[in-house]
Amino acid sequence: MERYNTLSSYLKEKFGSKLLKLSIDGGFSCPNRKNGKSGCKFCSENGSGEFTTKRKSITEQLNAQIKFLKDKNVDKGYIAYFQSYTNTFLPIEQLRQMYYEAINFPSVKVLSIATRADCFNEEIYNLLAELNEKIEVWIELGLQSSNEKTRNNMNIGYSTETFENCVKKLKELNIKTIFHIIFGLPNENQKDFKNTIDYVNSQKPWGIKIHSLFIQNDCELYEDYLQNKFKVLTWNEYVDALIMAIENLDKEIIIHRLTGDGDKTKLIAPLWSKDKIKTIGEVGKILKQKNSYQGINYKS
Ligand code: SF4
């Protein structure tokens, strides 16, 4: 019995098999790292895209990723994933050229785009709607926390209103949204994590990605961490947060991930975050022991 609504189940049902995710670096930057802005405090030098292969065409990158990931042995189709920085932050014609190059690559079945809620305009919405007629489009939005104070402290730089307007518009266009959240941001506790999950339910995205805060030696939070201004979560605290999240999350929301992928060569803390399988295994074990499942505590 699957105790939570996983992406792999969705893909198998929709496409008949898992799809291989191919990360793309489209040469984007981020509006939050320009004009004197220093970016989100947890952001790495690579704009949170640690697994892309830069300075090549989209087609070359996709081919390189397939070669790199060949051991995964999933060749029934691909997710073209624009991951690094803010992937709607270029002039519309460049976006159009890159997105079309990605969806025209053989066996690409999904176009997935990570971006910020304040980096859209009517032209971009229209382009996404056009693409969504041809292929499944997913838009991943960084929420991180429902607490505006935390978001301000982390320099995330957009309001709840901006976020909600973007979600509303994407829903009107029938485009699938994925919220990205982080457990363990400075000054947050289990109550804040629960508030974030409640907020996610209220917005009802199609999917969610969760990971713990991890500190790399190339992010702004590294200095604060060295100065002991906050502590990262222990493994047990993070597992508790995940159990709470699953039990309180609307069962229709698809869980894309429960752990993060930092750059292991730059990771400072928490070192337990390197072992994703152990964390996911523990969550499965606890849910089974409790005979619990996604949404058991969710009240609409
Ligand atoms: S929005 Fe993304 S790319 Fe931009 S600073 Fe924040 S984490 Fe980095």
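Reading the values: rules and limits
Residues numbered from 1 in each chain as written. Predicted model: local features only at pLDDT ≥ 70, side-chain atom pairs only at ≥ 80, totals over all residues. Heavy atoms only, no water. Helix = DSSP H or I, 4+ residues; strand = E, 2+ residues; numbered from the N terminus. Buried < 20%, exposed > 50% of the residue type's maximum accessible area, 1.4 Å probe, protein only. Pairing = 2+ DSSP bridges. Right-handed = clockwise from strand over helix to strand, strands pointing away. Patch = residues over 30% accessible without salt bridge, like charges linked within 9 Å, V, L, I, M, F, W, Y side chains within 5 Å. Areas by Shrake-Rupley, 256 points an atom, 1.4 Å probe, with all protein chains shown as cover. Salt bridge = Lys/Arg side-chain N within 4 Å of Asp/Glu carboxyl O. Near = heavy atom within 4 Å. Nonpolar A, V, L, I, M, F, W, Y, C, P; charged D, E, K, R; others polar. Phe/Tyr/Trp six-rings, centres within 6.5 Å; stacked < 30°, edge-to-face > 60°. Polar contact = N/O pair within 3.5 Å; in protein donor to acceptor, adjacent residues only side chain to side chain. Expected span 1.5 Å × (residues − 1). Contact = heavy atoms within 4.5 Å.

J.: Before we go on, may I ask you to explain unusual backbone geometry in this structure?
T.: Trans is the common state for peptide bonds, and a negative phi is the common state for residues other than glycine. The linkage connecting A269 with the following residue, P270, adopts the cis geometry, with an omega of -10°. Residues other than glycine seldom take positive phi values, yet N35 does so here, at roughly 50°. Relative to the elements of secondary structure, N35 occurs in the loop between β1 (20-24) and α2 (58-68). According to the relative accessible area criterion, N35 is exposed, its value standing at 79%. The backbone phi angle of S107 is positive, close to 70°, even though this residue is not glycine. Summarising the element assignment, S107 is placed in the loop between α3 (92-103) and β3 (108-115).

J.: How do you make sense of the pairing of strand β6 (residues 207-212) when you look at a structure like this?
T.: Where a strand is regular, its side chains alternate between the two sheet faces. Within β6, six of the six residues are buried, which leaves it mostly tucked inside the rest of the structure. As defined by bridge partners, strand β5 (residues 176-183) adjoins β6 across six bridges and the pair is classed as parallel. Of the residues in β6, the one forming a bridge with I178 is G207. With helix α7 (residues 190-203) bridging β5 and the parallel β6, this β-α-β connection has right-handed handedness. Alignment of β6 against strand β8 (residues 254-257), held across three bridges, turns out to be parallel. Within the sheet, the bridge partner assigned to G207 lies in β8 and is I254.

J.: What is the right way to look at a nonpolar patch on the surface in this model?
T.: On the surface, M1, Y293 and I296 cluster together to form a nonpolar patch covering roughly 330 Å² of accessible area. Among the secondary structure elements, Y293 is positioned in the segment after α10 (276-290). Exposure remark for Y293: the relative accessible area of 36% places this residue in the partly exposed category.

J.: How should I be thinking about the site of the ligand in this particular structure?
T.: Within the structure, the ligand sits among nine residues, and C30, C40, C43, Y85 and R116 are positioned closest to it. Class assignment for the residues of the shell around the ligand results in five nonpolar, two polar and two charged.

J.: Is there a simple way to explain the pattern of salt bridges in this structure?
T.: Any two side chains of opposite charge can pair if their charged atoms end up close together. This model, assessed by the stated rule, comprises 15 salt bridges. The shortest N-O distance in the salt bridge between E93 and R96 comes to 3.9 Å. Residue E93 and its partner R96 are both found in helix α3; the two are separated by three residues, about one turn of the helix. Between E148 and R151 there is a salt bridge; the shortest N-O distance is 3.9 Å. Within this pair, E148 and its partner R151 are both found in helix α5 (residues 148-153), separated by three residues, close to a single helical turn. What makes E148 partly exposed here is its relative accessible area of 33%. Residues joined in a network through salt bridges with shared partners are E93, R96 and E130.

J.: What is the right way to look at the packing of aromatic side chains in this model?
T.: Applying the stated criterion across every chain yields a total of 13 aromatic pairs. Where Y10 meets W206, the ring centres are 5.0 Å apart and the plane angle is 75°; that geometry is what we call edge-to-face. Of this pair, Y10 sits in helix α1 (residues 7-15) while W206 sits in the loop between α7 and β6, placing them 196 residues apart in sequence. A network of ring pairs unites the aromatic residues Y158, F163, F179 and Y199 as a single cluster.

J.: How should I be thinking about the environment of D25 in this particular structure?
T.: Locating D25 in the fold gives a position in the loop between β1 and α2. For D25, a relative accessible area of 8% puts it in the buried group. C-alpha of D25 to C-alpha of N87: the two residues are 62 residues apart in sequence and 8.7 Å apart in space. Here G27 takes part through its backbone nitrogen, which lies 2.8 Å from a polar atom of the side chain of D25.

J.: Could you clarify how one ought to interpret helix α9 (residues 235-248) in this entry?
T.: Think of an α-helix as 3.6 residues a turn; residues three or four steps apart then line up on the same face. In a regular helix each residue adds 1.5 Å, so 14 residues correspond to 20 Å; α9 covers 20 Å between its end C-alpha atoms and thus fits that length. By the burial criterion, the buried members of α9 are W235, Y238, V239, A241, L242, I243, M244, A245, I246, E247 and N248. On its buried face, α9 sits against β5, α7, β6, β8 and α10.

Honestly, that's just the spatial picture; any functional story needs more than this.
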